[in-house]
Amino acid sequence: MVKRYIIILICCSAAIAPFPTGLLLIDAPVAQTRFTVTGYDRQRAFGPGWAQGPGGCDSRQIAMAEAWAQPCAVPYTQWGAAPISDPYTNEDLLPSDVELDHLYPLAAAWDMGAHAWPQEKRLAFANDPLNLVVTSSRANQAKSDSLPSEWMPPARRNRCAYSRRLAQVAAKYELALPRADRKVMRRSCAGLRGLTSSSVW
């Protein structure tokens, strides 16, 4: 009886303990906290709209076309495409309900260092496909300009992939992540959460 209890206890501990996995390497600069930097204006700081890309399509059209494997030059109303899985919620997502989310939010980036960038770098950041996620308007608005300690994808199995891609963006642009946010990101990839996580991105 005691042996069975010990085995159950070990199994339960393994299920919830944040033991290390190979996914834990959240490699990005770290800051103690996020301080609000005054003077933020999205349009002035990051451009009034989506930048034009190849083929006459803008960043939003390109991201949507890639998500549905459709030509970006053809309006989405003509795709006749089936729903895809929203990477934040795992719910069905139709092109008509899409908003493009900045994985590393623009306002947060401004606070963490983008206020000192040249305009060209801010425009590149705002239109970088690595930092853009096709999601529903509801999920995008719920996330707003939050970092992981305040918001994580409702689809729990997608949280590690979300964290790892956010870390990639932060590292690419040398943007620090507050210590509390990196802690949440690392926990999302630890233990069984990491081992059973989805690789949606």
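Overview of the structure. Quick caveat, the model's predicted, so the values are computed rather than measured.

### Some details on helix 3 (residues 59–68)
- For helix 3, the complete set of buried residues consists of Ser59, Ala63, Met64, Ala65 and Trp68.
- If you follow the buried residues of helix 3, they end up packed against strand 2 (84–85), strand 3 (92–93), strand 4 (98–102), helix 5 (119–127) and strand 5 (132–136).
- Its side-chain oxygen placed 3.1 Å from the backbone nitrogen of arginine 60, aspartate 58 serves as the N-cap of helix 3.

### Examining the packing of aromatic side chains
- One pass over the structure, following the stated rule, counts 12 aromatic pairs.
- Between the aromatic rings of tryptophan 151 and tyrosine 162, the centroid separation amounts to 5.9 Å while the plane-to-plane angle is 75 degrees, which identifies the pairing as edge-to-face. Of the two residues, tryptophan 151 sits in the loop between helix 6 (137–143) and helix 7 (159–172) while tyrosine 162 sits in helix 7, which places them 11 residues apart along the sequence.
- Given a relative accessible area of 11%, tryptophan 151 falls into the buried group.
- Judged by relative accessible area, tyrosine 162 falls into the buried class, the value being 0%.
- The structure contains a cluster of three or more aromatic residues connected by ring pairs, namely Tyr40, Phe46, Tyr104, Trp110, Trp117, Phe125 and Tyr173.

### Details of the pattern of salt bridges
- Per the counting criterion, the structure on display carries 6 salt bridges.
- We note a salt bridge from arginine 34 to aspartate 111, for which the minimum N-O separation is 2.9 Å. Highlighted residues: arginine 34 in the loop between strand 1 (30–31) and helix 2 (42–46) and aspartate 111 in helix 4 (residues 106–111), separated in sequence by 77 residues.
- Classification of arginine 34 as partly exposed rests on a relative accessible area of 24%.

### Some points on the state of the cysteines
- By the definition in use, this model includes 2 disulfides.
- Two residues, cysteine 57 and cysteine 72, share a disulfide whose sulfurs are 2.1 Å apart. The disulfide joining cysteine 57 to cysteine 72 has a torsion of about 85 degrees about its S-S bond and is therefore right-handed. One end of the pair, cysteine 57, is in the loop between helix 2 and helix 3; the other, cysteine 72, is in the loop between helix 3 and strand 2, with 15 residues separating them in the sequence.
- Judged by its relative accessible area of 2%, cysteine 57 falls in the buried class.
- With a sulfur-sulfur separation of 2.1 Å, cysteine 160 is cross-linked through a disulfide to cysteine 189. Taking the sign of the S-S torsion, about 105 degrees here, the bridge from cysteine 160 to cysteine 189 comes out right-handed. In this pair, cysteine 160 sits in helix 7 while cysteine 189 sits in the loop between helix 8 (179–188) and helix 9 (191–195), placing the two residues 29 residues apart along the sequence.

Basis of the calculations
- Residues numbered from 1 in each chain as written.
- Predicted model: local features only at pLDDT ≥ 70, side-chain atom pairs only at ≥ 80, totals over all residues.
- Heavy atoms only, no water.
- Buried < 20%, exposed > 50% of the residue type's maximum accessible area, 1.4 Å probe, protein only.
- Helix = DSSP H or I, 4+ residues; strand = E, 2+ residues; numbered from the N terminus.
- Contact = heavy atoms within 4.5 Å.
- Polar contact = N/O pair within 3.5 Å; in protein donor to acceptor, adjacent residues only side chain to side chain.
- Phe/Tyr/Trp six-rings, centres within 6.5 Å; stacked < 30°, edge-to-face > 60°.
- Salt bridge = Lys/Arg side-chain N within 4 Å of Asp/Glu carboxyl O.
- Disulfide = S-S within 2.5 Å.

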